[in-house]
Amino acid sequence: MKLNDPLLFRQRAYVDGAWCDADSGATVAVLDPASGETIATVPLMGEAEAEQAIEAAHAALPAWKTKPAKERAKILRRWFDLMEQHEDDLARLMTWEQGKPLTEAVGEIRYAASFIEWFAEEAKRLYGDVIPSPTADKRLVVVREPIGVCAAITPWNFPAAMITRKAAPALAAGCTIVIKPANETPLSALALAELAERAGIPAGVFNIVTGDSAAIGRQLTGHPLVRKLSFTGSTPIGRLLMGQCASTIKKVSLELGGNAPFIVFDDADVDAAVEGALIAKYRNAGQTCVCVNRFYVHDAVYEEFASKFAKRVAELRVGNGFDAATQIGPLITAKAVGKVQELLDDAIEKGARVLTGGASLSEGLQYFAPTVIADVGAGMRLLDEEIFGPVAPIVSFSSEDEVVRLANDTIYGLASYFYSRDVARVWRVAERLEYGMVGINTGLISNEVVPFGGVKQSGLGREGSKYGIEDYLEMKYLCMAV
Ligand SMILES: NC(=O)c1ccc[n+]([C@@H]2O[C@H](COP(=O)([O-])OP(=O)(O)OC[C@H]3O[C@@H](n4cnc5c(N)ncnc54)[C@H](O)[C@@H]3O)[C@@H](O)[C@H]2O)c1
Ligand SMILES: O=C[C@H](O)CS(=O)(=O)O
(Lines give C-alpha, C1' and ligand atoms only; values in the text may rest on other atoms or scores of the structure.)
(Ligands and ions follow the chains in the order given, each with its own letter.)
Protein backbone atom coordinates (compact mmCIF):
# COMPACT_ATOMS: atom_id res chain seq x y z
CA MET A 1 0.00 0.00 0.00
CA LYS A 2 1.55 3.35 -1.03
CA LEU A 3 1.15 5.98 1.72
CA ASN A 4 2.35 9.57 1.84
CA ASP A 5 3.54 8.80 5.36
CA PRO A 6 4.61 5.13 5.58
CA LEU A 7 5.00 5.39 9.36
CA LEU A 8 1.19 5.28 9.62
CA PHE A 9 1.28 1.63 8.53
CA ARG A 10 1.97 -0.11 11.82
CA GLN A 11 2.03 -3.87 12.48
CA ARG A 12 2.87 -3.82 16.19
CA ALA A 13 0.69 -3.04 19.21
CA TYR A 14 1.12 0.25 21.07
CA VAL A 15 1.51 -0.05 24.86
CA ASP A 16 2.99 2.49 27.28
CA GLY A 17 4.31 4.61 24.42
CA ALA A 18 6.16 1.74 22.75
CA TRP A 19 5.49 -0.41 19.66
CA CYS A 20 5.56 -4.03 20.82
CA ASP A 21 5.00 -7.64 19.84
CA ALA A 22 3.14 -10.44 21.61
CA ASP A 23 5.20 -12.10 24.36
CA SER A 24 5.08 -15.28 22.27
CA GLY A 25 5.98 -13.51 19.04
CA ALA A 26 2.77 -14.93 17.51
CA THR A 27 0.78 -12.84 15.06
CA VAL A 28 -2.69 -12.74 13.49
CA ALA A 29 -3.23 -11.97 9.80
CA VAL A 30 -5.12 -8.95 8.48
CA LEU A 31 -6.93 -9.67 5.19
CA ASP A 32 -8.05 -7.46 2.30
CA PRO A 33 -11.83 -8.12 2.03
CA ALA A 34 -11.70 -7.38 -1.70
CA SER A 35 -9.19 -10.12 -2.47
CA GLY A 36 -8.82 -12.30 0.62
CA GLU A 37 -5.06 -11.67 0.52
CA THR A 38 -3.03 -11.13 3.69
CA ILE A 39 -2.04 -7.46 3.83
CA ALA A 40 -0.49 -7.31 7.30
CA THR A 41 0.01 -9.10 10.59
CA VAL A 42 -0.45 -7.78 14.12
CA PRO A 43 0.55 -9.28 17.49
CA LEU A 44 -1.52 -12.14 18.86
CA MET A 45 -1.56 -10.84 22.42
CA GLY A 46 -3.37 -12.35 25.39
CA GLU A 47 -4.01 -11.82 29.08
CA ALA A 48 -0.43 -11.02 30.09
CA GLU A 49 0.00 -8.26 27.52
CA ALA A 50 -3.44 -6.85 28.33
CA GLU A 51 -2.50 -6.71 32.02
CA GLN A 52 0.72 -4.88 31.14
CA ALA A 53 -1.31 -2.32 29.20
CA ILE A 54 -3.73 -1.85 32.09
CA GLU A 55 -0.84 -1.32 34.50
CA ALA A 56 0.71 1.23 32.10
CA ALA A 57 -2.61 3.09 31.90
CA HIS A 58 -2.84 3.06 35.69
CA ALA A 59 0.70 4.44 36.04
CA ALA A 60 -0.02 7.22 33.53
CA LEU A 61 -3.31 8.25 35.17
CA PRO A 62 -2.14 10.62 37.96
CA ALA A 63 -0.17 12.95 35.66
CA TRP A 64 -2.85 12.94 32.94
CA LYS A 65 -5.85 13.50 35.23
CA THR A 66 -4.12 16.38 37.05
CA LYS A 67 -3.04 18.11 33.84
CA PRO A 68 -5.21 21.22 33.47
CA ALA A 69 -8.16 20.52 31.18
CA LYS A 70 -7.02 23.30 28.84
CA GLU A 71 -3.70 21.49 28.33
CA ARG A 72 -5.46 18.18 27.65
CA ALA A 73 -7.70 20.04 25.21
CA LYS A 74 -4.71 21.45 23.33
CA ILE A 75 -3.17 17.99 22.94
CA LEU A 76 -6.47 16.53 21.70
CA ARG A 77 -6.78 19.42 19.26
CA ARG A 78 -3.33 18.57 17.87
CA TRP A 79 -4.51 14.94 17.44
CA PHE A 80 -7.53 16.24 15.50
CA ASP A 81 -5.29 18.45 13.31
CA LEU A 82 -3.00 15.50 12.56
CA MET A 83 -5.97 13.33 11.56
CA GLU A 84 -7.07 16.05 9.14
CA GLN A 85 -3.55 16.37 7.71
CA HIS A 86 -3.27 12.60 7.17
CA GLU A 87 -6.86 12.03 6.03
CA ASP A 88 -5.87 10.44 2.73
CA ASP A 89 -3.48 7.88 4.25
CA LEU A 90 -5.91 7.02 7.06
CA ALA A 91 -8.72 6.50 4.55
CA ARG A 92 -6.57 4.32 2.30
CA LEU A 93 -5.57 2.11 5.25
CA MET A 94 -9.25 1.78 6.17
CA THR A 95 -10.41 0.79 2.68
CA TRP A 96 -7.52 -1.66 2.49
CA GLU A 97 -8.52 -3.53 5.66
CA GLN A 98 -12.30 -2.96 5.79
CA GLY A 99 -13.30 -2.69 2.12
CA LYS A 100 -15.57 0.37 2.24
CA PRO A 101 -15.41 2.74 -0.76
CA LEU A 102 -12.64 5.33 -0.37
CA THR A 103 -15.19 8.15 -0.31
CA GLU A 104 -16.90 6.50 2.66
CA ALA A 105 -13.54 5.94 4.33
CA VAL A 106 -12.71 9.63 3.98
CA GLY A 107 -16.12 10.39 5.46
CA GLU A 108 -15.40 8.13 8.40
CA ILE A 109 -12.02 9.73 9.07
CA ARG A 110 -13.71 13.15 9.20
CA TYR A 111 -16.46 11.70 11.41
CA ALA A 112 -13.87 10.08 13.70
CA ALA A 113 -11.84 13.28 13.91
CA SER A 114 -14.97 15.29 14.74
CA PHE A 115 -15.31 13.45 18.07
CA ILE A 116 -11.78 14.49 19.03
CA GLU A 117 -12.50 18.10 18.04
CA TRP A 118 -15.82 18.07 19.94
CA PHE A 119 -14.48 16.55 23.19
CA ALA A 120 -11.35 18.70 23.16
CA GLU A 121 -13.80 21.57 23.61
CA GLU A 122 -15.99 19.73 26.12
CA ALA A 123 -12.91 19.02 28.30
CA LYS A 124 -12.92 22.65 29.43
CA ARG A 125 -16.58 22.65 30.51
CA LEU A 126 -16.77 19.86 33.11
CA TYR A 127 -18.50 22.04 35.70
CA GLY A 128 -19.53 21.00 39.21
CA ASP A 129 -22.08 22.48 41.63
CA VAL A 130 -22.24 24.61 44.76
CA ILE A 131 -25.38 23.53 46.63
CA PRO A 132 -27.13 25.86 49.12
CA SER A 133 -26.78 24.14 52.47
CA PRO A 134 -29.94 23.41 54.52
CA THR A 135 -27.90 24.29 57.62
CA ALA A 136 -25.72 27.32 58.38
CA ASP A 137 -22.77 25.21 59.51
CA LYS A 138 -22.06 23.50 56.18
CA ARG A 139 -20.84 24.33 52.70
CA LEU A 140 -21.77 21.78 50.02
CA VAL A 141 -19.87 21.30 46.73
CA VAL A 142 -19.95 18.74 43.92
CA VAL A 143 -16.88 18.22 41.73
CA ARG A 144 -16.54 16.05 38.59
CA GLU A 145 -13.56 13.70 38.40
CA PRO A 146 -12.30 11.22 35.78
CA ILE A 147 -13.45 7.68 36.53
CA GLY A 148 -9.89 6.37 35.98
CA VAL A 149 -8.51 3.58 33.77
CA CYS A 150 -10.95 2.74 30.98
CA ALA A 151 -11.13 -0.15 28.53
CA ALA A 152 -12.70 -0.20 25.08
CA ILE A 153 -13.51 -3.04 22.70
CA THR A 154 -14.51 -1.96 19.21
CA PRO A 155 -15.95 -3.44 15.98
CA TRP A 156 -14.61 -3.69 12.41
CA ASN A 157 -17.29 -1.73 10.57
CA PHE A 158 -16.12 1.74 11.64
CA PRO A 159 -12.49 1.06 12.58
CA ALA A 160 -11.59 4.67 13.42
CA ALA A 161 -14.83 6.36 14.53
CA MET A 162 -15.77 3.68 17.06
CA ILE A 163 -12.38 4.23 18.72
CA THR A 164 -12.37 8.03 18.82
CA ARG A 165 -16.04 8.06 19.95
CA LYS A 166 -14.70 6.44 23.15
CA ALA A 167 -11.09 7.60 23.46
CA ALA A 168 -11.86 11.29 22.88
CA PRO A 169 -14.29 11.72 25.80
CA ALA A 170 -12.18 9.43 27.99
CA LEU A 171 -8.98 11.45 27.48
CA ALA A 172 -10.87 14.76 27.63
CA ALA A 173 -12.24 13.74 31.04
CA GLY A 174 -8.72 12.91 32.29
CA CYS A 175 -8.98 9.13 31.99
CA THR A 176 -6.49 6.75 30.41
CA ILE A 177 -7.57 3.95 28.12
CA VAL A 178 -6.69 0.48 26.78
CA ILE A 179 -8.36 -0.37 23.48
CA LYS A 180 -8.83 -3.74 21.78
CA PRO A 181 -9.85 -3.18 18.13
CA ALA A 182 -11.43 -5.86 15.96
CA ASN A 183 -8.87 -8.26 14.51
CA GLU A 184 -10.30 -7.61 11.04
CA THR A 185 -9.36 -3.91 11.19
CA PRO A 186 -6.46 -3.12 13.53
CA LEU A 187 -4.47 -0.95 11.11
CA SER A 188 -6.74 2.07 11.53
CA ALA A 189 -6.42 1.84 15.31
CA LEU A 190 -2.61 1.61 15.14
CA ALA A 191 -2.42 4.59 12.79
CA LEU A 192 -4.47 6.56 15.34
CA ALA A 193 -1.90 5.57 17.97
CA GLU A 194 0.95 6.86 15.80
CA LEU A 195 -0.80 10.22 15.45
CA ALA A 196 -1.71 10.28 19.16
CA GLU A 197 1.98 9.96 20.02
CA ARG A 198 2.88 12.75 17.56
CA ALA A 199 0.16 14.94 19.13
CA GLY A 200 1.84 14.61 22.53
CA ILE A 201 -0.48 12.16 24.23
CA PRO A 202 1.84 10.79 26.93
CA ALA A 203 2.97 7.17 27.18
CA GLY A 204 0.38 4.96 28.87
CA VAL A 205 -2.58 7.29 28.26
CA PHE A 206 -3.68 5.70 24.96
CA ASN A 207 -2.90 2.00 24.45
CA ILE A 208 -3.82 -0.46 21.69
CA VAL A 209 -3.61 -4.23 22.27
CA THR A 210 -4.39 -6.71 19.49
CA GLY A 211 -5.01 -10.42 19.30
CA ASP A 212 -6.94 -13.00 21.31
CA SER A 213 -10.23 -11.20 21.90
CA ALA A 214 -11.57 -13.49 24.61
CA ALA A 215 -8.29 -13.55 26.56
CA ILE A 216 -7.75 -9.79 26.33
CA GLY A 217 -11.42 -9.30 27.13
CA ARG A 218 -11.08 -11.31 30.34
CA GLN A 219 -8.49 -8.81 31.57
CA LEU A 220 -10.35 -5.71 30.36
CA THR A 221 -13.55 -6.85 32.06
CA GLY A 222 -12.04 -8.51 35.14
CA HIS A 223 -9.02 -6.46 36.17
CA PRO A 224 -9.78 -4.37 39.30
CA LEU A 225 -7.77 -1.37 38.05
CA VAL A 226 -10.16 -0.95 35.10
CA ARG A 227 -13.10 1.19 36.26
CA LYS A 228 -15.07 1.35 33.05
CA LEU A 229 -15.68 -0.71 29.92
CA SER A 230 -17.07 0.79 26.73
CA PHE A 231 -18.06 -1.82 24.14
CA THR A 232 -19.36 -1.48 20.62
CA GLY A 233 -20.37 -4.63 18.85
CA SER A 234 -23.02 -7.31 18.69
CA THR A 235 -25.64 -7.73 21.37
CA PRO A 236 -24.59 -11.32 22.26
CA ILE A 237 -20.99 -10.24 22.92
CA GLY A 238 -22.17 -7.12 24.76
CA ARG A 239 -24.32 -9.31 27.00
CA LEU A 240 -21.30 -11.55 27.70
CA LEU A 241 -18.97 -8.66 28.51
CA MET A 242 -21.50 -6.92 30.72
CA GLY A 243 -21.69 -10.11 32.78
CA GLN A 244 -17.89 -10.35 32.97
CA CYS A 245 -17.75 -6.79 34.37
CA ALA A 246 -20.07 -7.61 37.27
CA SER A 247 -17.36 -9.12 39.51
CA THR A 248 -15.56 -5.76 39.75
CA ILE A 249 -18.64 -3.51 39.43
CA LYS A 250 -17.35 -1.65 36.40
CA LYS A 251 -19.30 1.17 34.78
CA VAL A 252 -20.40 -0.21 31.39
CA SER A 253 -21.38 1.53 28.15
CA LEU A 254 -22.79 -0.65 25.39
CA GLU A 255 -23.42 0.25 21.74
CA LEU A 256 -24.94 -2.93 20.38
CA GLY A 257 -26.94 -4.37 17.53
CA GLY A 258 -29.91 -2.88 15.75
CA ASN A 259 -33.00 -3.88 13.76
CA ALA A 260 -33.98 -0.52 12.28
CA PRO A 261 -37.45 -0.06 10.76
CA PHE A 262 -37.94 2.37 7.85
CA ILE A 263 -41.61 3.34 7.54
CA VAL A 264 -43.12 5.00 4.45
CA PHE A 265 -46.61 6.34 5.15
CA ASP A 266 -49.20 6.98 2.48
CA ASP A 267 -48.68 10.75 2.86
CA ALA A 268 -44.90 10.52 2.35
CA ASP A 269 -42.87 12.09 -0.47
CA VAL A 270 -42.07 8.74 -2.10
CA ASP A 271 -39.14 10.02 -4.17
CA ALA A 272 -37.55 11.54 -1.05
CA ALA A 273 -38.18 8.29 0.80
CA VAL A 274 -36.39 6.33 -1.94
CA GLU A 275 -33.31 8.56 -1.67
CA GLY A 276 -33.34 8.35 2.12
CA ALA A 277 -33.74 4.59 1.94
CA LEU A 278 -30.69 4.21 -0.29
CA ILE A 279 -28.31 5.80 2.21
CA ALA A 280 -30.00 4.34 5.29
CA LYS A 281 -29.74 0.81 3.86
CA TYR A 282 -26.63 0.62 1.70
CA ARG A 283 -24.04 2.75 3.54
CA ASN A 284 -20.96 0.56 4.18
CA ALA A 285 -22.70 -2.19 2.13
CA GLY A 286 -25.38 -2.37 4.81
CA GLN A 287 -22.81 -3.05 7.53
CA THR A 288 -23.72 -0.37 10.02
CA CYS A 289 -25.64 -0.73 13.27
CA VAL A 290 -28.14 1.92 12.15
CA CYS A 291 -28.75 0.46 8.68
CA VAL A 292 -32.38 -0.28 7.86
CA ASN A 293 -33.21 -3.92 8.58
CA ARG A 294 -36.95 -3.76 7.74
CA PHE A 295 -38.89 -1.55 5.31
CA TYR A 296 -42.59 -1.03 6.09
CA VAL A 297 -44.49 0.64 3.23
CA HIS A 298 -48.18 1.60 3.30
CA ASP A 299 -50.35 -0.38 0.87
CA ALA A 300 -51.31 2.78 -1.02
CA VAL A 301 -47.70 3.52 -2.06
CA TYR A 302 -46.20 0.01 -1.84
CA GLU A 303 -45.80 -0.69 -5.56
CA GLU A 304 -44.61 2.86 -6.35
CA PHE A 305 -41.97 2.80 -3.62
CA ALA A 306 -40.88 -0.81 -4.32
CA SER A 307 -40.42 -0.29 -8.06
CA LYS A 308 -38.66 3.09 -7.75
CA PHE A 309 -36.43 1.81 -4.93
CA ALA A 310 -35.52 -1.43 -6.75
CA LYS A 311 -34.65 0.56 -9.89
CA ARG A 312 -32.24 2.80 -7.99
CA VAL A 313 -30.72 -0.15 -6.12
CA ALA A 314 -30.09 -2.01 -9.38
CA GLU A 315 -27.97 0.97 -10.51
CA LEU A 316 -25.62 0.78 -7.49
CA ARG A 317 -22.09 -0.10 -8.57
CA VAL A 318 -20.35 -2.93 -6.69
CA GLY A 319 -16.58 -3.26 -6.65
CA ASN A 320 -13.23 -2.69 -5.04
CA GLY A 321 -13.31 0.22 -2.58
CA PHE A 322 -10.32 1.83 -4.31
CA ASP A 323 -12.24 2.10 -7.60
CA ALA A 324 -13.70 5.61 -7.72
CA ALA A 325 -16.90 4.30 -9.32
CA THR A 326 -17.60 1.85 -6.48
CA GLN A 327 -20.59 2.52 -4.24
CA ILE A 328 -20.85 -0.91 -2.60
CA GLY A 329 -17.67 -2.63 -1.46
CA PRO A 330 -17.12 -6.24 -0.35
CA LEU A 331 -18.52 -7.63 2.90
CA ILE A 332 -15.99 -8.02 5.67
CA THR A 333 -15.62 -11.82 5.55
CA ALA A 334 -16.82 -14.88 3.65
CA LYS A 335 -18.70 -15.81 6.83
CA ALA A 336 -20.59 -12.52 6.64
CA VAL A 337 -21.57 -13.28 3.02
CA GLY A 338 -22.81 -16.69 4.09
CA LYS A 339 -24.97 -15.21 6.86
CA VAL A 340 -26.61 -12.72 4.48
CA GLN A 341 -27.26 -15.44 1.90
CA GLU A 342 -28.73 -17.69 4.62
CA LEU A 343 -31.20 -15.02 5.75
CA LEU A 344 -32.13 -14.19 2.14
CA ASP A 345 -32.67 -17.83 1.20
CA ASP A 346 -34.89 -18.31 4.26
CA ALA A 347 -37.10 -15.37 3.20
CA ILE A 348 -37.36 -16.60 -0.40
CA GLU A 349 -38.23 -20.12 0.74
CA LYS A 350 -41.03 -18.58 2.82
CA GLY A 351 -42.50 -16.56 -0.05
CA ALA A 352 -40.45 -13.38 -0.49
CA ARG A 353 -40.10 -12.08 -4.07
CA VAL A 354 -36.71 -10.80 -5.38
CA LEU A 355 -37.07 -7.45 -7.16
CA THR A 356 -33.33 -6.97 -7.78
CA GLY A 357 -30.07 -8.69 -6.75
CA GLY A 358 -30.41 -11.85 -4.74
CA ALA A 359 -27.00 -13.47 -4.39
CA SER A 360 -23.29 -13.06 -3.89
CA LEU A 361 -21.69 -11.77 -7.07
CA SER A 362 -18.69 -13.96 -7.69
CA GLU A 363 -17.37 -17.21 -6.34
CA GLY A 364 -14.55 -16.83 -3.84
CA LEU A 365 -14.87 -13.07 -3.40
CA GLN A 366 -16.95 -11.25 -0.84
CA TYR A 367 -19.16 -9.10 -3.06
CA PHE A 368 -22.93 -9.31 -2.60
CA ALA A 369 -25.44 -7.82 -5.04
CA PRO A 370 -27.52 -5.00 -3.54
CA THR A 371 -30.86 -6.74 -3.12
CA VAL A 372 -34.51 -5.75 -2.65
CA ILE A 373 -37.18 -8.32 -1.79
CA ALA A 374 -40.95 -7.77 -1.63
CA ASP A 375 -43.86 -9.70 -0.12
CA VAL A 376 -41.90 -10.13 3.08
CA GLY A 377 -43.90 -11.37 6.05
CA ALA A 378 -43.96 -12.74 9.58
CA GLY A 379 -41.84 -15.79 10.25
CA MET A 380 -38.97 -14.75 8.00
CA ARG A 381 -35.74 -14.67 10.02
CA LEU A 382 -34.46 -11.40 8.54
CA LEU A 383 -37.24 -9.48 10.27
CA ASP A 384 -35.85 -10.50 13.66
CA GLU A 385 -32.12 -10.92 12.96
CA GLU A 386 -29.63 -8.20 12.04
CA ILE A 387 -28.89 -8.67 8.31
CA PHE A 388 -25.68 -6.59 8.29
CA GLY A 389 -25.54 -6.72 4.52
CA PRO A 390 -27.05 -5.11 1.37
CA VAL A 391 -30.47 -6.80 1.50
CA ALA A 392 -33.67 -4.70 1.82
CA PRO A 393 -36.87 -6.54 2.84
CA ILE A 394 -40.13 -4.67 2.19
CA VAL A 395 -43.27 -5.39 4.22
CA SER A 396 -46.68 -3.79 3.50
CA PHE A 397 -48.95 -2.30 6.16
CA SER A 398 -52.36 -0.62 6.22
CA SER A 399 -52.63 1.40 9.45
CA GLU A 400 -50.50 3.56 11.75
CA ASP A 401 -51.26 1.40 14.79
CA GLU A 402 -50.29 -1.76 12.89
CA VAL A 403 -46.95 -0.41 11.69
CA VAL A 404 -45.94 1.03 15.08
CA ARG A 405 -46.68 -2.35 16.63
CA LEU A 406 -44.65 -4.14 13.95
CA ALA A 407 -41.76 -1.65 14.22
CA ASN A 408 -41.53 -2.05 18.00
CA ASP A 409 -41.79 -5.87 17.90
CA THR A 410 -38.06 -6.52 18.40
CA ILE A 411 -35.52 -6.84 21.23
CA TYR A 412 -33.57 -3.99 19.65
CA GLY A 413 -34.09 -0.24 19.92
CA LEU A 414 -31.23 1.63 18.27
CA ALA A 415 -32.25 3.61 15.12
CA SER A 416 -35.59 3.99 13.35
CA TYR A 417 -36.77 6.05 10.38
CA PHE A 418 -40.07 7.19 8.91
CA TYR A 419 -41.36 9.42 6.13
CA SER A 420 -44.56 11.42 6.54
CA ARG A 421 -45.68 14.95 5.72
CA ASP A 422 -48.43 14.99 8.34
CA VAL A 423 -47.09 16.99 11.29
CA ALA A 424 -49.49 15.48 13.81
CA ARG A 425 -48.54 12.00 12.62
CA VAL A 426 -44.83 12.88 12.90
CA TRP A 427 -45.25 13.70 16.57
CA ARG A 428 -47.50 10.69 17.28
CA VAL A 429 -45.18 8.16 15.62
CA ALA A 430 -41.93 9.70 16.92
CA GLU A 431 -43.26 9.43 20.47
CA ARG A 432 -44.51 5.84 20.05
CA LEU A 433 -41.37 4.34 18.46
CA GLU A 434 -39.26 2.52 21.11
CA TYR A 435 -35.84 3.54 19.79
CA GLY A 436 -32.95 5.69 20.94
CA MET A 437 -32.84 7.57 17.63
CA VAL A 438 -35.55 8.49 15.11
CA GLY A 439 -34.85 9.81 11.59
CA ILE A 440 -37.82 11.79 10.30
CA ASN A 441 -37.85 12.34 6.52
CA THR A 442 -34.13 11.57 6.49
CA GLY A 443 -31.97 8.45 6.26
CA LEU A 444 -28.78 9.91 7.74
CA ILE A 445 -28.84 10.79 11.44
CA SER A 446 -25.28 10.41 12.78
CA ASN A 447 -22.92 13.21 13.80
CA GLU A 448 -20.73 14.14 16.77
CA VAL A 449 -23.06 16.59 18.49
CA VAL A 450 -26.01 14.25 19.14
CA PRO A 451 -26.48 11.49 21.75
CA PHE A 452 -25.92 8.28 19.75
CA GLY A 453 -27.26 5.11 21.33
CA GLY A 454 -30.12 2.73 21.85
CA VAL A 455 -32.68 1.33 24.26
CA LYS A 456 -33.78 -2.22 25.07
CA GLN A 457 -31.06 -4.70 23.96
CA SER A 458 -29.33 -2.18 21.68
CA GLY A 459 -27.25 -0.88 24.53
CA LEU A 460 -26.64 1.35 27.52
CA GLY A 461 -25.52 4.97 27.52
CA ARG A 462 -24.89 7.51 24.78
CA GLU A 463 -21.81 8.48 22.73
CA GLY A 464 -21.10 11.91 21.27
CA SER A 465 -22.91 15.12 22.26
CA LYS A 466 -22.62 16.91 25.61
CA TYR A 467 -23.87 13.66 27.20
CA GLY A 468 -21.08 11.46 25.81
CA ILE A 469 -18.50 12.45 28.42
CA GLU A 470 -20.74 11.70 31.42
CA ASP A 471 -19.85 8.00 31.46
CA TYR A 472 -16.16 8.86 31.87
CA LEU A 473 -16.77 11.00 34.98
CA GLU A 474 -17.55 10.40 38.63
CA MET A 475 -19.33 12.89 40.89
CA LYS A 476 -17.70 13.69 44.26
CA TYR A 477 -19.66 15.50 46.98
CA LEU A 478 -17.70 17.67 49.42
CA CYS A 479 -19.38 18.55 52.71
CA MET A 480 -17.48 21.22 54.69
CA ALA A 481 -18.23 22.32 58.24
CA VAL A 482 -17.79 26.11 58.65
N1 LIG B 1 -24.47 0.45 18.36
C2 LIG B 1 -23.39 0.82 17.71
O3 LIG B 1 -22.94 1.99 17.78
C4 LIG B 1 -22.67 -0.18 16.87
C5 LIG B 1 -21.65 0.28 16.04
C6 LIG B 1 -20.97 -0.66 15.24
C7 LIG B 1 -21.29 -2.01 15.27
N8 LIG B 1 -22.30 -2.42 16.09
C9 LIG B 1 -22.67 -3.82 16.11
O10 LIG B 1 -21.50 -4.64 16.06
C11 LIG B 1 -21.79 -5.84 15.32
C12 LIG B 1 -20.81 -6.00 14.19
O13 LIG B 1 -19.50 -5.81 14.66
P14 LIG B 1 -18.62 -7.08 15.05
O15 LIG B 1 -18.91 -8.21 14.12
O16 LIG B 1 -17.20 -6.65 15.23
O17 LIG B 1 -19.20 -7.43 16.49
P18 LIG B 1 -18.65 -8.49 17.54
O19 LIG B 1 -19.50 -8.38 18.71
O20 LIG B 1 -18.45 -9.83 16.93
O21 LIG B 1 -17.16 -7.95 17.89
C22 LIG B 1 -17.00 -6.67 18.43
C23 LIG B 1 -15.67 -6.64 19.15
O24 LIG B 1 -15.73 -7.55 20.24
C25 LIG B 1 -14.62 -8.42 20.19
N26 LIG B 1 -14.99 -9.70 20.81
C27 LIG B 1 -15.64 -10.73 20.27
N28 LIG B 1 -15.81 -11.72 21.18
C29 LIG B 1 -15.23 -11.29 22.33
C30 LIG B 1 -15.05 -11.83 23.64
N31 LIG B 1 -15.50 -13.05 23.96
N32 LIG B 1 -14.38 -11.09 24.57
C33 LIG B 1 -13.93 -9.86 24.26
N34 LIG B 1 -14.06 -9.29 23.04
C35 LIG B 1 -14.71 -10.00 22.09
C36 LIG B 1 -14.29 -8.52 18.72
O37 LIG B 1 -12.95 -8.96 18.55
C38 LIG B 1 -14.48 -7.08 18.31
O39 LIG B 1 -13.35 -6.33 18.64
C40 LIG B 1 -23.21 -5.67 14.81
O41 LIG B 1 -24.11 -6.31 15.66
C42 LIG B 1 -23.44 -4.17 14.86
O43 LIG B 1 -24.80 -3.83 14.98
C44 LIG B 1 -22.99 -1.54 16.89
O1 LIG C 1 -22.35 1.14 12.89
C2 LIG C 1 -21.69 1.90 13.50
C3 LIG C 1 -21.81 3.37 13.51
O4 LIG C 1 -22.19 3.82 14.79
C5 LIG C 1 -22.75 3.86 12.47
S6 LIG C 1 -22.70 5.59 12.33
O7 LIG C 1 -21.69 5.94 11.29
O8 LIG C 1 -22.31 6.18 13.64
O9 LIG C 1 -24.07 6.00 11.94
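Data block above holds the structure.
As the structure is a computational prediction, the values presented were derived from the model and not from experiment.

Novice: How should I be thinking about the layout of surface pockets in this particular structure?
Specialist: Of the volumes computed, that of the largest pocket is approximately 1300 Å³. Lining the largest pocket are 47 residues, and of these Pro155, Trp156, Gly233, Ser234 and Ile237 lie nearest its centre. Listing elements by their share of the lining of the largest pocket, those giving two or more residues are helix H5 (161-173), helix H7 (213-222), strand S10 (226-232), helix H8 (235-245) and helix H11 (334-349). Ranked by residue count, the leading element in the lining of the largest pocket is H8, at six residues. Here the residues of the lining of the largest pocket sort into 23 nonpolar, 15 polar and nine charged. Here the second largest pocket is characterised by a volume of approximately 520 Å³. Glu104, Ile279, Tyr282, Arg283 and Leu444 are, among the 21 residues lining the second largest pocket, the residues nearest its centre.

Novice: How should the nonpolar core be read in this particular structure?
Specialist: As a rule of thumb, soluble globular proteins bury nonpolar side chains together. Within the largest apolar cluster, 136 residues are counted, with the highest numbers of intra-cluster contacts made by Trp79, Phe206, Phe305, Phe309 and Leu382. Element by element, the count of residues in this core is highest for helix H4 (residues 102-122), at 11 residues. Core analysis: the next-biggest nonpolar cluster, separate from the first, contains 25 residues, Ile153, Val178, Ile216 and Val252 among them.

Novice: How should I be thinking about the site of ligand 1 in this particular structure?
Specialist: What surrounds ligand 1 is a group of 28 residues, the closest being Thr154, Lys180, Ser234, Leu256 and Glu386. Between ligand 1 and Gly233, the relevant distance is 3.3 Å, taken from an oxygen atom to a main-chain nitrogen or oxygen of the residue. Ser234 places a side-chain nitrogen or oxygen 2.7 Å from an oxygen atom of ligand 1. Protein chains bury 87% of the 830 Å² of accessible surface belonging to ligand 1 in isolation. When each cavity is represented as a set of grid points, ligand 1 is found to reside in the largest pocket. Mapped by element, the contributors of at least two residues to the shell around ligand 1 are H5, H7, S10 and H8.

Definitions and cut-offs
- Numbers given to residues run from 1 along each chain, matching the order in which its sequence is written.
- Each chain takes a letter, starting from A, and each ligand takes a number, starting from 1, following the order in which they are written.
- With the structure being a predicted model, the display of local features is reserved for residues of pLDDT at least 70 and the display and counting of side-chain atom pairs for 80 or more, all residues being used for whole-chain, interface and lining totals.
- Side-chain calculation: all heavy atoms of the structure are included, whereas hydrogens and water are not.
- Here a cavity is any set of points on a 1 Å grid over the protein atoms alone where a 1.4 Å probe fits but cannot get out, and a pocket is any open set with protein on both sides within 12 Å along at least 5 of 7 lines; a residue lines the site when it has an atom within 4 Å of a point.
- Grid points are joined across faces, edges and corners, and a volume is the space filled by probe spheres set on the points.
- Here a helix means four or more residues in a row that DSSP labels H or I, a strand means two or more in a row labelled E, and each is numbered from the N terminus.
- When residue character is reported, Ala, Val, Leu, Ile, Met, Phe, Trp, Tyr, Cys and Pro are called nonpolar, Asp, Glu, Lys and Arg charged, and the others, Gly included, polar.
- What makes a nonpolar core is a set of buried Ala, Val, Leu, Ile, Met, Phe, Trp, Tyr and Cys residues whose side-chain atoms join them at distances within 4.5 Å.
- Burial classes: relative accessible area under 20% of the type maximum marks a residue as buried, over 50% as exposed, and values in between as partly exposed (1.4 Å probe, protein chains only).
- Residues are classed as near a molecule or strand on a simple rule: at least one heavy atom within 4 Å of it.
- Under this definition, polar contacts are N or O atom pairs within 3.5 Å; protein pairs additionally need one hydrogen-donor-capable and one acceptor-capable atom, and for neighbouring residues in sequence, both atoms have to be side-chain atoms.
- All accessible areas in this document rest on Shrake-Rupley with a 1.4 Å probe, and a residue is counted as covered only by the protein chains that are shown.
- In this scheme, a molecule is assigned to a cavity or pocket if more than half of its atoms are within 2 Å of the grid points.

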